[in-house]
Amino acid sequence: MSLERQLEELLTSFEQALAAQNWDKLASLDTKLQQAIPKIQQKNLTQAAKLQLQRINSLYSTMIAAGEREKARIQQQISQQADTREGMHAYMQNR
């Protein structure tokens, strides 16, 4: 399979995992890409391969922003749970 085709499939996988908010899959794909980068850098890239890499790079910004939003959402949820737990403890002590 050509490098261009592999990169296209990787990009599609990234897009699908991001749309599904499948953070484990995104991490796995990221690891796969990071391991492939040294090999990719050694190749004489075609214009199509360069374009696919640019598209993956652009998608990374979107993935990072989505990850940050998810992190903030989870932190807020944890904070709310802690507040609820404290309220329950106070209620139970004053009964």
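What counts and how
Residues numbered from 1 in each chain as written. Predicted model: local features only at pLDDT ≥ 70, side-chain atom pairs only at ≥ 80, totals over all residues. Heavy atoms only, no water. Helix = DSSP H or I, 4+ residues; strand = E, 2+ residues; numbered from the N terminus. Expected span 1.5 Å × (residues − 1). Buried < 20%, exposed > 50% of the residue type's maximum accessible area, 1.4 Å probe, protein only. Core = buried A, V, L, I, M, F, W, Y, C linked by side-chain atoms within 4.5 Å. Contact = heavy atoms within 4.5 Å. Salt bridge = Lys/Arg side-chain N within 4 Å of Asp/Glu carboxyl O.

Chemist: An account of helix 2 (residues 23-42) is needed here, citing residue identities and associated values.
Modeler: When the terminal C-alpha atoms of helix 2 are compared, their 29 Å separation across 20 residues agrees well with the 28 Å that a helix rising 1.5 Å per residue should span. Taken together, the buried positions of helix 2 are Leu26, Leu29, Leu33 and Ile40.

Chemist: Break down unusual backbone geometry for me, citing the residues and quoting the values.
Modeler: The phi dihedral of Gln21 falls on the positive side, at around 55 degrees, and the residue is not glycine. The topology assignment puts Gln21 in the loop between helix 1 (3-19) and helix 2.

Chemist: Run through the environment of Glu68, naming residues and quoting values.
Modeler: Along the chain, Glu68 falls in helix 3 (residues 47-93). When the C-alpha positions of Glu68 and Ala82 are compared, they lie 21 Å apart, and in sequence the two are 14 residues distant.

Chemist: Could you give an account of the nonpolar core, naming the residues involved and the relevant values?
Modeler: In this structure, Phe14, Ile56 and Met63 are the most contacted members of the largest nonpolar core, which totals 17 residues. Elements represented by at least two residues in this core include exactly helix 1, helix 2 and helix 3. If one sorts the elements of this core by residue count, helix 1 sits on top with 7 residues. Residue contacts for Phe14: discarding those within four places in its chain leaves Leu26, Leu29, Asp30, Leu33, Ile56, Leu59, Tyr60 and Met63.

Chemist: Requested: an account of the pattern of salt bridges, with residues and values cited.
Modeler: Applying the stated rule across the entire model yields 3 salt bridges. With a shortest N-O distance of 3.2 Å, Arg5 and Glu8 are connected by a salt bridge. Pair noted here: Arg5 and Glu8 are both in helix 1, with a separation of 3 residues, about one helical turn. A relative accessible area of 34% means that Glu8 is categorised as partly exposed. The partner of Arg5 in a salt bridge is Glu9, and the shortest N-O contact between them spans 3.4 Å. Residue Arg5 and its partner Glu9 are both found in helix 1; the two are separated by 4 residues, about one turn of the helix. Its relative accessible area of 39% is what places Arg5 among the partly exposed residues. Its relative accessible area of 33% is what places Glu9 among the partly exposed residues. Within the structure, one salt-bridge network assembled from shared partners comprises Arg5, Glu8 and Glu9.

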